[in-house]
Amino acid sequence: MPTKTSSIRVAPVALHRGFERRINRVAVVKSLRRRVALTMGVFGVIVGVGAGLPAYGQSLEQPVTVPQTQSLAVVNTPDTALTIARDTYTVYVPPALQYPLAPGTSLSSGFGPRQCNGCSTYHEGVDLTPGAGTPISAIAAGVVVVASSAGPLGVHAEIEHVINGESVRSVYAHMETGSLTLRVGDPVLVGQVIGTVGDTGNSYGAHLHFELHPQGASAVDPYGWLAARIG
Ligand SMILES: [Zn+2]
């Protein structure tokens, strides 16, 4: 069987005998090196795979993933099954909009033009008289934009709301001294107590003066506006 060594021997160029022997030895050594390298490579692959290590020829810096399998057996029989007893409960979902006082609360002065001694001739809100100390509720969720005890409105708060996409400001005036604990910037939930009915500021007796200003504009009849939306 012809080999690389024999092909060199039949080269047409006549070579010196000593030089020819050196060439032959080099060819034999190269052939042996290839066989040894091939054998070591195969051995390296077999050993590497068997030991769970990188196979021969792979870089040692490559991550080695060793699969791990865990199993968890859960045993549950009818004898050990748990029965969870829960109390009944009721979830109260408040309406998005409500009146500041209980429906049916008496009004002492309606919205609009009026004639009285010492008061404005055009009433910007309504006056409600549920009795001194009655809690006053926010008509909707919003943010406090005014919290003051000064001026003709006495202890009063103004809350900015967005109701059905419309910005509305509500005003609660003449509340009892010390009943207003909210500050400007405070968030308010619908129905949250703002303060109690009082007689502070330019007032003629304990009552709530209540105003509504849609879109930050002029006041509208607040109870008419609420009634059209509360139903
Ligand atoms: Zn009033």
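Structure shown above.
Owing to the predicted nature of the structure, the values given are computational and were not obtained by experimental measurement.

1. Re the overall build of the chain
Along the chain, the regular secondary structure elements total three helices and eleven strands. Along the chain, from the amino end to the carboxyl end, the secondary structure elements read α-α-β-β-β-β-β-β-β-β-β-β-β-α. Of all 231 residues assigned to the chain, the portion counted as buried reaches 19%. Sequence separation of 24 or more characterises 56% of the internal contacts of the chain that already satisfy a separation of 6 or more.

2. Here we look at the pairing of strand 11 (residues 208-214)
For strand 11, a buried count of six out of seven residues is recorded, marking the element as mostly surrounded by other parts of the structure. With six bridges connecting them, strand 8 (residues 166-175) and strand 11 associate as antiparallel partners. Each residue of the ladder has a partner; that of V168, found in strand 11, is P214.

3. What to know about the pairing of strand 8
When strand 7 (residues 155-163) meets strand 8, the two strands line up antiparallel, connected through eight bridges. Bridging from a neighbouring strand, A157 pairs with Y172 of strand 8.

4. Here we look at the environment of P130
Its place among the elements puts P130 in the loop between strand 4 (126-128) and strand 5 (135-137). Residue P130 is classed as partly exposed on the basis of its 19 C-beta neighbours within 10 Å. On a C-alpha basis, the gap between P130 and H207 in space is 7.1 Å, while along the polypeptide they are 77 residues apart. Every residue in contact with P130, bar those within four places of it in the chain, is listed here: L101, T105 and V197.

5. Regarding unusual backbone geometry
Positive phi outside glycine occurs at N164, with the angle close to 55 degrees. On the neighbour-count criterion, N164 (10 C-beta atoms within 10 Å) is exposed. Residues other than glycine seldom take positive phi values, yet H174 does so here, at roughly 65 degrees. Examined against the element boundaries, H174 turns out to sit in strand 8. Look at H174 and you get buried, because 25 C-beta atoms sit within 10 Å.

6. Things to note about the sheet that holds strand 7
The pairing of strands in a sheet happens through backbone hydrogen bonds and is either parallel or antiparallel. Pairing in this open sheet of seven strands is antiparallel, and the strands run 1-4-11-8-7-6-9 from one edge to the other. For this open sheet the edge positions go to strand 1 (107-109) and strand 9 (187-188), each flanked by a neighbour on one side alone. In this structure, strand 1 lies alongside strand 4, joined through two bridges in antiparallel fashion. Bridge pairing links S109 to D127 in strand 4. Along the sheet face, helix 3 (residues 222-230) touches strand 4 and strand 11 and points at about 65 degrees away from the line of strand 11.

Cut-offs used in this document
Residues numbered from 1 in each chain as written. Predicted model: local features only at pLDDT ≥ 70, side-chain atom pairs only at ≥ 80, totals over all residues. Helix = DSSP H or I, 4+ residues; strand = E, 2+ residues; numbered from the N terminus. Buried ≥ 20, exposed ≤ 12 C-beta atoms within 10 Å, placed from the backbone. Contact = placed C-beta atoms within 7 Å. Pairing = 2+ DSSP bridges. Axes fitted to C-alpha atoms, helices over the stretch in contact; angles between N-to-C directions.

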